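# Architecture and fold: a report
The primary structure of each chain is shown beneath.
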Amino acid sequence: MNNVFGLDIGTRNVVGTVGYQTDDKEFVVAAQYVREHETRAMLDGQIHDIGRVAKTIKEVKDELEKQIGQPLEEVCIAAAGRVLKTVTTHVEYEYAQESVVTGEDIHTLNLLGIEKAQEALKEVNDTSYKFYCVGYSTVKFFLNDEVFISLEGHKANKIGEDIIVTFLPEDVVDGLYAAVGQAGLSVANMTLEPIAAINVAIPENYRMLNIALVDVGAGTSDISITRDGSIIAYGMIPHAGDELTEVIVQHFLVDFNMAEHIKLQSTTGDTVTYKDIMSIEHTIPAEDVWEVVSPVVDNIAHEVSAKIIELNGDKTVSACFVVGGGGKIHGFTEKLAEDLDLPEERVALRGEEVLGDVTFEQEDIKKDPLLVTPIGICLNYYDQRNNFIMVRFNGERIKLYDNNRLTIVDAALQAGFPNNELFPKRGTPINFTVNGVARLVRGEAGEGAVVTMNGKPASINTPLEPNSEIVIEPSTAGEAAVYKISQLDEYNHSVITFVINGRKVSCPRFVQVNGRLEPEDYSIRENDVIETRNYYTVRQIAQFMDLVIDTDQMIFVNNEEADLDTLVYENFSVEWKTDEYGVARIDNNTYNDTQESDTDEASVTDEHDENADSVHEKTDADTNDASVLAEPDVNSTESDNTVSRTSEQMMNQVLDELHDDFAKEAEVSAVPENELPENELPKNDIQEEIHEEDSSENTITVIVNGEPVELSGKDTYIFVDIFTHISFDLQAGKGRAIATVINGRDAQFSEELHEGDQIELYWKEN
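Notes on the structure follow. (Residues numbered from 1 in each chain as written. Predicted model: local features only at pLDDT ≥ 70, side-chain atom pairs only at ≥ 80, totals over all residues. Heavy atoms only, no water.)

### Focus: the overall build of the protein chain
Along the backbone of the protein chain there are 14 helices and 47 strands. Counting the 766 residues in the protein chain, one finds 49% classified as buried. Within the protein chain, contacts between residues at least 6 apart in sequence are counted, and of these 66% link residues at least 24 apart. Looking at the protein chain as shown, the accessible area adds up to about 36,700 Å², and 44% of this sits on carbon and sulfur atoms. (Helix = DSSP H or I, 4+ residues; strand = E, 2+ residues; numbered from the N terminus. Buried < 20%, exposed > 50% of the residue type's maximum accessible area, 1.4 Å probe, protein only. Contact = heavy atoms within 4.5 Å. Areas by Shrake-Rupley, 256 points an atom, 1.4 Å probe, with all protein chains shown as cover.)

### Digging into the sheet that holds strand E6 (residues 74-79)
What the six strands build is an open sheet, ordered E11-E6-E1-E2-E3-E19; its pairing is mixed. The open sheet has two free edges, formed respectively by strand E11 (186-192) and strand E19 (358-360), since each of these has just one partner strand. Averaged over all pairs of adjacent strands, the angle between their axes in this sheet comes to 30 degrees, without regard to strand direction. Where helix H1 (residues 50-68) meets the sheet, it contacts strand E1 (4-9), strand E2 (13-21) and strand E3 (27-36), and its direction lies at approximately 140 degrees from that of E3. (Pairing = 2+ DSSP bridges. Axes fitted to C-alpha atoms, helices over the stretch in contact; angles between N-to-C directions.)

### Let's talk about empty space enclosed by the protein
Taken as a whole and assessed by the stated rule, the structure comprises one cavity of 30 Å³ or more. Of the voids in this model, the largest cavity is the one considered here, and its volume is about 40 Å³. If you trace the largest cavity, you find it lined by His37, Glu38, Thr39, Ala41, Arg52, Lys55 and Thr56. (1 Å grid on protein atoms, 1.4 Å probe; cavity = no way out; pocket = protein on both sides within 12 Å on 5 of 7 lines; lining within 4 Å. Points joined across faces, edges and corners; volume = space filled by probe spheres on them.)

### Let's talk about the sheet that holds strand E23 (residues 437-441)
Ordered in space as E23-E22-E31-E29-E30, the five strands form an open sheet in which the pairing is mixed. Here the strands that pair on one side only, and so sit at the sheet edges, are E23 and strand E30 (516-517). Bridging between strand E29 (residues 511-513) and strand E31 (residues 528-532) involves three bridges; their strand directions are antiparallel. Directly across from Val513, in E31, lies its bridge partner Ile530.

### Focus: the state of the cysteines
In total, this model carries zero disulfides according to the counting rule given. Here Cys378 is not cross-linked by a disulfide; its sulfur's nearest cysteine counterpart is in Cys76, at 6.3 Å. Overall, Cys378 belongs to the buried group, its relative accessible area being 0%. (Disulfide = S-S within 2.5 Å.)

### Quick word on the nonpolar core
In terms of nonpolar packing, the biggest core is built from 112 residues, with Leu7, Ile9, Ile57, Met190, Ile308 and Ile375 touching the most fellow members. Among the elements that line this core, the one with the most residues is helix H7 (residues 286-311), at 10 residues. Dropping the residues within four chain positions of it, Leu7 is found in contact with Val14, Val15, Gly16, Ile57, Val60, Val75, Cys76, Ile77, Ala78, Leu185 and Ile377. (Core = buried A, V, L, I, M, F, W, Y, C linked by side-chain atoms within 4.5 Å.)

### Description of H7
Between its terminal C-alpha atoms H7 stretches 35 Å, which fits the 38 Å expected from 26 residues at 1.5 Å a residue. In H7, a bend of some 50 degrees at Val293 exceeds every other bend along the element, and Pro295, a proline, comes one to four places later. Listed as buried for H7 are Ala286, Val289, Val292, Val293, Val296, Val297, Ile300, Ala301, Val304, Ser305, Ile308 and Leu311. Among the residues trailing H7, Gly313 stands out with phi positive, at a value near 80 degrees. (Expected span 1.5 Å × (residues − 1). Bend = angle between axes of the 7 residues up to and from the residue.)

### Re the pairing of strand E14 (residues 230-237)
The element E14 is largely enclosed, with a buried count of eight among its eight residues. Relative to E14, strand E13 (residues 221-227) is paired through seven bridges, and the arrangement is antiparallel. Of the residues in E14, the one forming a bridge with Ser224 is Tyr234. Linking two consecutive strands that pair antiparallel, namely E13 and E14, is a turn of two residues; a positive phi of about 55 degrees is found at Asp228 within it.

### Here we look at the packing of H7 against helix H8 (residues 332-340)
Contact geometry of H7 with H8 gives a least axis separation of 9 Å together with a crossing angle of 45 degrees. With respect to each other, H7 and H8 are oriented oblique. Crossing geometry of H7 relative to H8 is assigned as right-handed. Contacts between H7 and H8 involve Val297, Asp298, Ile300, Ala301, His302, Val304, Ser305, Ile308 and Ile309 on the former and, on the latter, Phe332, Lys335, Leu336, Asp339 and Leu340. Here the contact of H7 with H8 is composed, by residue class, of nine nonpolar, two polar and three charged. (Parallel < 35°, antiparallel > 145°, perpendicular 65-115°, else oblique. Left-handed = near helix turned anticlockwise from the far one by under 90°. Nonpolar A, V, L, I, M, F, W, Y, C, P; charged D, E, K, R; others polar.)

### Things to note about helix H5 (residues 241-252)
A rise of 1.5 Å per residue sets the reference length of H5, with its 12 residues, at 16 Å; its end C-alpha atoms lie 17 Å apart and thus fit the reference within 8%. Among all positions of H5, only Gly241, Asp242, Leu244, Thr245, Ile248, Val249 and Phe252 are buried. One side of H5 holds all its buried residues, which, seen down the axis, span an arc of 150 degrees. Looking one or two residues beyond H5, the residue adopting positive phi is Leu253, at roughly 55 degrees. (Arc of directions from axis to C-beta.)

### Digging into a negative patch on the surface
Taken together, the side chains of Asp270, Glu287, Asp288 and Glu291 present a region of like negative charge at the surface. Within the secondary structure layout, Glu287 lies in helix H7. For Glu287, a relative accessible area of 43% translates into the label partly exposed. (Patch = residues over 30% accessible without salt bridge, like charges linked within 9 Å, V, L, I, M, F, W, Y side chains within 5 Å. Salt bridge = Lys/Arg side-chain N within 4 Å of Asp/Glu carboxyl O. Lys, Arg positive; Asp, Glu negative; His and termini not counted. Charge placed at Lys NZ, Arg CZ, Asp CG, Glu CD.)

### A word on the pairing of strand E24 (residues 450-453)
Along E24, the buried face is formed by Val451 and Met453; none of Val450 and Thr452, which line the opposite face, is buried. Alignment of E24 against strand E26 (residues 469-473), held across four bridges, turns out to be antiparallel. Across the sheet, the residue bridging to Thr452 is Val471, located in E26. Sheet topology places E24 next to strand E25 (residues 456-458); three bridges connect them, and they run antiparallel. By the bridge assignment, Thr452 is partnered in E25 with Pro457. What sits between E24 and E25 in their antiparallel hairpin is a turn of two residues, with Asn454 showing a positive phi close to 55 degrees.

### Some remarks on the environment of Val60
Residue position: Val60 is located in helix H1. Classification of Val60 by relative accessible area gives buried; the value is 0%. Each C-alpha atom of the pair Val60 and Thr17 lies 9.4 Å from the other, and the pair is 43 residues apart in sequence. Beyond its immediate chain neighbours, meaning those up to four positions away, Val60 contacts Leu7, Val14, Gly16, Tyr33 and Arg35.

### Describing the pattern of salt bridges
Counted by the stated rule, this structure contains 20 salt bridges. For the salt bridge of Glu36 with Arg12, the shortest nitrogen-to-oxygen distance reads 3.5 Å. Here Glu36 is found in strand E3, whereas its partner Arg12 is found in the loop between E1 and E2, with 24 residues between them in sequence. By relative accessible area, which is 34% here, Glu36 ends up partly exposed.

### Examining the packing of H1 against helix H3 (residues 170-182)
The description of two packed helices rests on the angle between their axes and on the distance between the axes. For the pair H1 and H3, the least separation of the axes is 8 Å and the interaxial angle reads 50 degrees. The angle between H1 and H3 falls in the class oblique. Considering how the two elements wind past one another, H1 and H3 form a crossing that is right-handed. Where H1 abuts H3, its residues Ile50, Gly51, Val53, Ala54 and Ile57 lie against Gly175, Ala178, Ala179, Val180 and Gln182.

### Regarding the packing of aromatic side chains
Within the structure shown, the criterion is met by nine aromatic pairs. When the ring of Phe393 is compared with that of Phe417, the centres are 5.8 Å apart and the planes differ by 75 degrees; the resulting orientation is edge-to-face. Of this pair, Phe393 sits in strand E20 (residues 388-393) while Phe417 sits in the loop between helix H10 (408-414) and strand E22 (430-434); the two residues are 24 residues apart in sequence, bridging distant segments of the chain. Each of the two residues, Phe393 as well as Phe417, counts as buried. Put simply, the rings of Phe498, Phe510, Tyr536 and Phe544 pair up and form one aromatic cluster. (Phe/Tyr/Trp six-rings, centres within 6.5 Å; stacked < 30°, edge-to-face > 60°.)

What follows is the structure, given as structure tokens:
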């Protein structure tokens, strides 16, 4: 058998119960122990001294472990407090098609109701408290808009429910968790005290009646109302047994513990014996105590009855049951009946008669109203166990529906942690166009979120542990994209070729950005319009080749007379005379000068040493040779037929001379499309992506929900990388689990991706 350990951590007592439920729903109490707080460590149901309360809990735990002969590690608890908030709301869930309602569907519906109630409470919360859900009850179920008692097993297109959700300030809950933790226990389940009490005191077959249940403790009186088969309201007031004790302290001049003794004796005997603070012993009739506390009893009864009438729609109830130690004080039930305008027999203490399905293995235990709530706490575990687990996420306590597959990412989503801070973020990209083609350079990938659970490194796929402490430091953005003209393929691998004096000469294309010539080290900016010019002027060709043209001689472009500003397009021929010719040997960005012949064209690279001197030749103005180079000597090598010059040196020289009058030249360069060479006609706009060349990077394409997605910028890729490339709202789950499938099988968020993987990503329908 699996024992359940329940603790009723009250303002005056801590009641521990260990037991188990049999197959026929009978609850067997294997051990029970009650211990009073040594000091007033709790007030009005809220822990004020965590250390002292933890000490009392530890003593109860140790005693129960002795009784059952086995260790206790998990405990069920119930919360109370003067600032109780309840929200009643309606929630629905619609299936994609008619489906059989499962238990998990109902739990999902509950979760949706809790979320909706939390949002409603945030809107009306006019206090400084941050509220935490401590329990809920379903008022009505709806199947296809009709009221049903139970939904499970029915076929439905739509299900719904009216639900009451109860909230307490987070510091009340934190105090309970802290005290239990210091006692060496973890919380298995938490509920609200009136929920625990009503599960025992008012069985379901009584709930068709309009009945109130009042649990009068030491610090608070907890109230719940039933009607039409459901629990319709919860309430709590900060008036209870301690107010009676305080009056006795003042009147009989005793300490608080002796006053508690007087109060209890007055309910069980005819006389009361006590010692005051002067150590004088007194024996008085119980009636003397009743007379002293009577005004306070009347006040508590009045406050309780007013709250009952308020919760019941401003009308009285049909009957009222009272449980808890504070309800046993003389005259309370009679005064409550009077204030509720009910016959005295309809307001009664509930104890032994409601514990009929409870068996005590300890023969000396008396069935008492004091035991109703502790046993209800244990029974609530069977009703709501595995429904929810509690964790603390970045300092905030949250409650999640436990489907046995919860991971840290589920807690992050439930807490509203931004998904763009969960996964790595790339730096700012650059969008620009090259020759009318849209380009995108992505920024560097940032670091993923740093995840720890209980102080140890974890990942977003780490399974959640109940009551764990989760901390996620947001992911960081990478460096912004940086891209230079020199990295463009059009700049490095695209040249423009002319025929100069019968020889082919290849030159790099000039690049202009937003209509202005820019050098190769220009950093491309957002929305830049980049164009590679498809022409040179005669002057620019000469400058690039480091030639001085004899302007006294005729210049011809395509056999037509030209001047230094004439535009020269791809494969145009130019003939000129030069005064001087020079060659500078540098490896990068060479242009090739090759003699035309009937045989195949050849482009031979100069292989001279990098420090070879430049060669300069003077040509004769009267000679018939109009070539750039003199006829090669028979002893010369093929390498002498090639001249090389860096585009950076040449282009910078051109830029220096042309920046001032570029506007004029840009106007000259505007040539109608029908006059352009065929290979320079405008291209259609298309979307491309540029990836910086890096041998360590790998680009793969995967199929996500039937659509191809290209992943780039990393060596390897894992499942979560796809979230930076697709649009998927991680906060739209509404209690549903995410299906992560690779090639037809379930996958983890950290699983590696490969080329061509078939990926499915969607919310599971419950």
